[in-house]
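Overview (structure and organization)
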Amino acid sequence: MIEIRFHGRGGQGAVTSVELLALAAINEGKFAQGFPSFGPERRGAPVLAFCRVDEKHIRLRCKIVSPDVVVVLDPSLIRIQNPPGDLKENGIIVLNTPKTPEEVRREYGFKHTLALVDANKVAREVLGVPIVNTTMIGALLRATGVVQVETMEAPLKERFGPLAVKNFNALKVAYEETTIEERRS
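Here we summarise the structure given alongside this text. (Residues numbered from 1 in each chain as written. Predicted model: local features only at pLDDT ≥ 70, side-chain atom pairs only at ≥ 80, totals over all residues. Heavy atoms only, no water.)

**Some words on the pattern of salt bridges**
Selection criterion: In the sections that follow, a salt bridge refers to a side-chain nitrogen of Lys or Arg positioned within 4 Å of a carboxyl oxygen of Asp or Glu. By definition, any uninterrupted DSSP run of H or I lasting at least four residues is a helix, any uninterrupted run of E lasting at least two residues is a strand, and each is numbered from the N terminus. Relative accessibility decides the category of a residue: with a 1.4 Å probe and only protein chains considered, values under 20% of the type maximum give buried, values over 50% give exposed, and everything between is partly exposed.
For the structure on display, the rule yields 15 salt bridges. With a closest N to O distance of 2.7 Å, aspartate 74 and arginine 9 form a salt bridge. With aspartate 74 in the loop between β4 (69–72) and α2 (77–81) and arginine 9 in strand β1 (residues 2–9), this pair connects stretches of sequence that are 65 residues apart. The class for arginine 9 is buried, based on a relative accessible area of 18%. Where lysine 30 meets glutamate 28, a salt bridge forms, and the shortest distance between an N and an O atom there is 3.1 Å. Looking at glutamate 28, the relative accessible area reads 27%, which means it is partly exposed. Linked by salt bridges that have partners in common, Glu3, Arg52, Asp68 and Lys88 make up one network.

Right under this line is the structure:
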């Protein structure tokens, strides 16, 4: 089983991301859960969303405490929530940033594998708005292969209708532009 925790802000699409990812996994014949954890937050407030994907039934029904992957839609949350603080030792940090792996490691001291993409730039260029949910899914897929890129097309069509094409294109661009640097000791 792979357990993924998304860290975002209200309105960035973290909750939508886990729903889309879970639907894509189910479309591939896998078992999946996607669910949020938030109270009466408003736009801009920190939000957590969780996704589990496995080849067999998932019996857990709780939030993800020690994820395999953290996806950080807004890098300002690193100082507020410390998303990788409870990441598994061989975990992956998928981060929305224009910075290089060296800059990120120097600034935050991360030792985990990094998957970095300037999701804001991709979203602005492809979608015309800085909503990074589909771009960050592209980075996540590049880092993990949890589902195939093509499998995301149907859930995107179902969710976004005529805007699905742009969102799928943003996902594919982010997939290609994601830089992955392996874990450092």
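**A closer look at the packing of aromatic side chains**
The condition that has to hold: Two aromatic rings from Phe, Tyr or Trp, using only the six-membered ring of Trp, form a pair when their centres are within 6.5 Å; if the ring planes differ by under 30 degrees the pair is stacked, by over 60 it is edge-to-face, and anything between is tilted. Lysine and arginine charges are scored as sitting over a ring when NZ or CZ, respectively, is within 6 Å of the ring centre and within 35 degrees of the ring normal.
Counting across every chain of the model gives 2 aromatic pairs. Taking the centre distance of 5.2 Å and the plane angle of 20° together, the rings of tyrosine 108 and phenylalanine 110 count as stacked. Each of the two residues, tyrosine 108 as well as phenylalanine 110, counts as buried. When the ring centre of tyrosine 175 is taken as reference, the NZ or CZ atom of arginine 142 above it lies at 5.3 Å.

**Some details on the pairing of strand β5 (residues 92–96)**
Successive residues of a regular strand alternate their side chains across the two faces of the sheet. Quick reminder of the rule: A strand pair is defined by DSSP finding two or more bridges across the two strands. Seen with its strands pointing away from the viewer, a crossover is right-handed if its path from the first strand over the helix to the second goes clockwise.
Of all the 5 residues making up β5, 5 are buried; the element is thus mostly covered by neighbouring parts of the structure. Residues Ile92, Val94 and Asn96 line one face of β5 and the alternating positions Ile93 and Leu95 line the opposite face, and both faces are buried. Pairing analysis gives 4 bridges linking β4 to β5, with the strands arranged parallel. The partner of valine 71 across the bridge, within β5, is valine 94. In terms of strand pairing, β5 meets strand β6 (residues 113–117) through 5 bridges, oriented parallel. What sits directly across from isoleucine 92, in β6, is threonine 113. Assessed by its sense of winding, the connection that carries the chain from β5 through helix α3 (residues 101–108) to β6 is right-handed.

**Some details on the packing of helix α1 (residues 14–27) against helix α5 (residues 133–144)**
The criterion, for reference: Each axis is a line fitted through C-alpha atoms, and for a helix only the stretch in contact is used; angles between axes span 0 to 180 degrees, taken between their N-to-C directions. If an angle is under 35 degrees, it is roughly parallel; if it is over 145, roughly antiparallel; if it lies from 65 to 115, roughly perpendicular; otherwise it is oblique. Each crossing gets its hand from how the near helix is turned against the far one by less than a right angle, where anticlockwise is left-handed and clockwise is right-handed. Contacts are assigned to residue pairs that have any heavy atoms within 4.5 Å of one another. Note that Gly is not counted as nonpolar here; it falls among the polar residues with everything else outside the nonpolar set of Ala, Val, Leu, Ile, Met, Phe, Trp, Tyr, Cys and Pro and the charged set of Asp, Glu, Lys and Arg.
The geometry of α1 relative to α5 is characterised by a closest axis approach of 9 Å and an angle of 50° between their N-to-C directions. Classified by the interaxial angle, the pair formed by α1 and α5 is oblique. Regarding α1 and α5, the two cross each other, and that crossing is right-handed. On the side of α1, the interface is formed by Thr16, Ser17, Leu20 and Leu21, while α5 contributes Asn133, Ile137, Leu140 and Leu141. Per-class residue counts for the contact of α1 with α5 are 5 nonpolar, 3 polar and no charged.

**Looking at the packing of α5 against helix α7 (residues 164–177)**
At their nearest, the axes of α5 and α7 sit 7 Å apart, and the two run at 40° to each other. The orientation of α5 with respect to α7, classified from their angle, is oblique. Between α5 and α7 the crossing geometry is right-handed. Across from Thr134, Thr135, Ile137, Gly138, Ala139, Leu141 and Arg142 in α5, the residues of α7 making contact are Asn167, Ala170, Leu171, Ala174, Tyr175 and Glu176. In terms of residue class, the contact of α5 with α7 is built from 7 nonpolar, 4 polar and 2 charged.

Purely geometric numbers; function is a separate question.
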